[in-house]
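What follows is the residue order along each chain.
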Amino acid sequence: MRIWRTSTFRFAALYMALFASSVVLLLGLIYWMTAGFMARQTDETIETEITGLAEQYRRRGLSGLGQVIGERIRADPNGSAIYLFATPDYEPLAGNLDRWPPLVADADGWLNFSRKDTVAGEVPARARLFVLRGGLHLLVGRDIRDLVRTEAMIRRGLGWGLGLSVALGLLGGSLMSRRIDRRIEAINEASREIMNGDLGRRIPDRGTGDEFDKLSEQLNAMLDRIEELMRGVRDVADNIAHDLRTPLTRLRTRLEALRSTADPASADNTVEDCINEADRLLQTFNALLRIARIESGGRSPRTEIVALDQLVRDAVEMYQALAEEKGVELSADLMPASIKGDRDLLFQALINLVDNGVKYTPAGGTVKVVIVAGDSDVCLEVHDTGPGIDDAHKDKVTQRFYRVEHARGEVGNGLGLSLVAAVARQHNARLEFGDAGPGLIARMRFSAAASARRR
């Protein structure tokens, strides 16, 4: 069966073997502490009896020994004590055995034999042999039926305990393996459906919060991200086809016109328009390549301490002339703050935000770059007084080629905020959009782990 080959069942079998071994050790300890103790107590009693009878023999002789044996037999109503005083030819002289029994010696010199009982039949016994002067024999022993019963009971318990441990271990291992196998098979089934193209399929969980549910949560989060990326790839392909079709059509039309024109001045203008159109196409592809390199980790960011306030001053200085030409007031409200990151990538993200602010703010408006450094994070904000972004579009504007309605008439390719979002993810920052009333607040929030505030 398949279940016997699973790792879960093998682990369960190993646990069963360890558990059975512990049961055997426990019962062995019980055996040693009960039956072993009883056996040692019996042997000590016999040794004490022999010592006492030897002393009586030295003091009172044969007749006195016989009297003592008789007294002890009468004092033992249960008949558990065994005495036999015999001649050199093993003929009984005194005691509670009618004949000399066949004796079997063990490794310790103890004698084992069976005696007849009127009720129980053959009863096991254990004894020592004491040889007196003149070749007389004295056999002193005890009835050990209780000891034998106890040993047999413990051996049966050992067998039953071991058998039940193995049976329960096999049953538990089988049930546990089946349960885990069903959970794993559910994951495998969902994986097969996903591989067959159903990207919306997710791994089910039971709501128990166990390790399988946690694994399902992680896998589902990974699948959500993969589905999002796949959707992004499809959207990017559609947007590339849509957004590049128009400039390529214009480029082809101008080249056709260039081929048919005979006016040198008109030809020069057409060539210049073609070059400008090709430059815009190259900018679009270069932006796509930069985003792809950042998101794929193809470019490892340089980890250095970047002074955000100085970075903002450079960006504001770069765009000051363009802002003045458009009639937009560009300013900065800064406080000293530094973060760990790649200066070039951060500068690209910042100038994209400033460029968007200047581009979409009408004449007479303002664009302000603000740094807010707190104890837990550092925020780089760009405030403008442009048309802003509706709440319905704020989660979409970072998608490649996505442009809101009022931005479609402006020059651009819809990749600026996509690049900013990629740089933010590279630096473990959050890109947020808020309302400036009127206008937009674009905010990059860096965590405390990335910040290195200067005071």
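Predicted model only: the values in this text are computed from it and were never measured.

Enquirer: Requested: an account of the environment of Glu91, with residues and values cited.
Expert: Considering the arrangement of structural elements, one finds Glu91 in the loop between strand S1 (81–86) and strand S2 (92–95). On the basis of relative accessible area, Glu91 is assigned to the partly exposed category, the value being 49%. Separated by 46 residues in sequence, Glu91 and His137 have C-alpha atoms that sit 9.3 Å apart. Those residues in contact with Glu91, other than ones at most four positions away along the chain, are Phe85 and Ala86.

Enquirer: If you had to explain helix H8 (residues 416–426) to someone new, which residues and values would you point to?
Expert: Across the 11 residues of H8, 8 count as buried, placing the element largely inside the fold. Once H8 ends, the next one or two residues include Asn428, with phi positive near 55°.

Enquirer: Any details on the sheet that holds strand S5 (residues 121–131)? Residues and values, ideally.
Expert: Overall, antiparallel pairing links the 6 strands, which are arranged S2-S1-S6-S5-S4-S3 in an open sheet. Looking at strand neighbours, the two that pair on one side only are S2 and strand S3 (104–105), the edges of this open sheet.

Enquirer: Explain the sheet that holds strand S8 (residues 329–333) to me, using residue names and the numbers behind them.
Expert: The strand order across the open sheet formed by 5 strands is S8-S10-S11-S13-S12, and the pairing between neighbours is mixed. The two strands at the open ends of the sheet, each matched to only one other strand, are S8 and strand S12 (429–435). Averaged over all neighbouring strand pairs, the angle between strand axes comes to 15°, with direction disregarded. Bridge count for strand S10 (residues 366–373) against strand S11 (residues 377–384) is 7 bridges, and the pairing is antiparallel. The residue bridging Ile371 from the neighbouring strand is Leu380, located in S11. Along the sheet face, H8 touches S12 and strand S13 (440–447) and points at about 135° away from the line of S12.

Enquirer: Can you break down the environment of Glu432 residue by residue, with the values?
Expert: Looking at the element boundaries, Glu432 is found in strand S12. Judged by relative accessible area, Glu432 falls into the partly exposed class, the value being 21%. Sequence-wise, Glu432 and Ala421 are 11 residues apart; in three dimensions their C-alpha atoms are separated by 9.5 Å. For Glu432, the residues in contact, after removing those within four places along its chain, are Ile441, Ala442, Arg443 and Arg445. Among the polar contacts made by the side chain of Glu432, one reaches the side chain of Arg445 at a distance of 3.3 Å.

Enquirer: Which residues make up the pattern of salt bridges, and what values do they have?
Expert: Pairing between side chains of opposite charge can happen when their charged atoms approach one another. Taken as a whole, this structure holds 18 salt bridges when the rule is applied. Here Asp314 makes a salt bridge to Arg343, at a shortest N to O gap of 2.8 Å. Here Asp314, found in helix H5 (residues 308–326), pairs with Arg343, found in helix H6 (residues 343–360); they are 29 residues apart in sequence, far enough to count as distant. By relative accessible area, Asp314 is classed as partly exposed at 25%. Three or more residues are tied together by salt bridges with common partners; here these are Asp377, Glu381, Arg430, Glu432, Arg443 and Arg445.

The rules behind the values
- Residues numbered from 1 in each chain as written.
- Predicted model: local features only at pLDDT ≥ 70, side-chain atom pairs only at ≥ 80, totals over all residues.
- Heavy atoms only, no water.
- Helix = DSSP H or I, 4+ residues; strand = E, 2+ residues; numbered from the N terminus.
- Buried < 20%, exposed > 50% of the residue type's maximum accessible area, 1.4 Å probe, protein only.
- Contact = heavy atoms within 4.5 Å.
- Pairing = 2+ DSSP bridges.
- Axes fitted to C-alpha atoms, helices over the stretch in contact; angles between N-to-C directions.
- Polar contact = N/O pair within 3.5 Å; in protein donor to acceptor, adjacent residues only side chain to side chain.
- Salt bridge = Lys/Arg side-chain N within 4 Å of Asp/Glu carboxyl O.

That is the geometry; function is a separate question.
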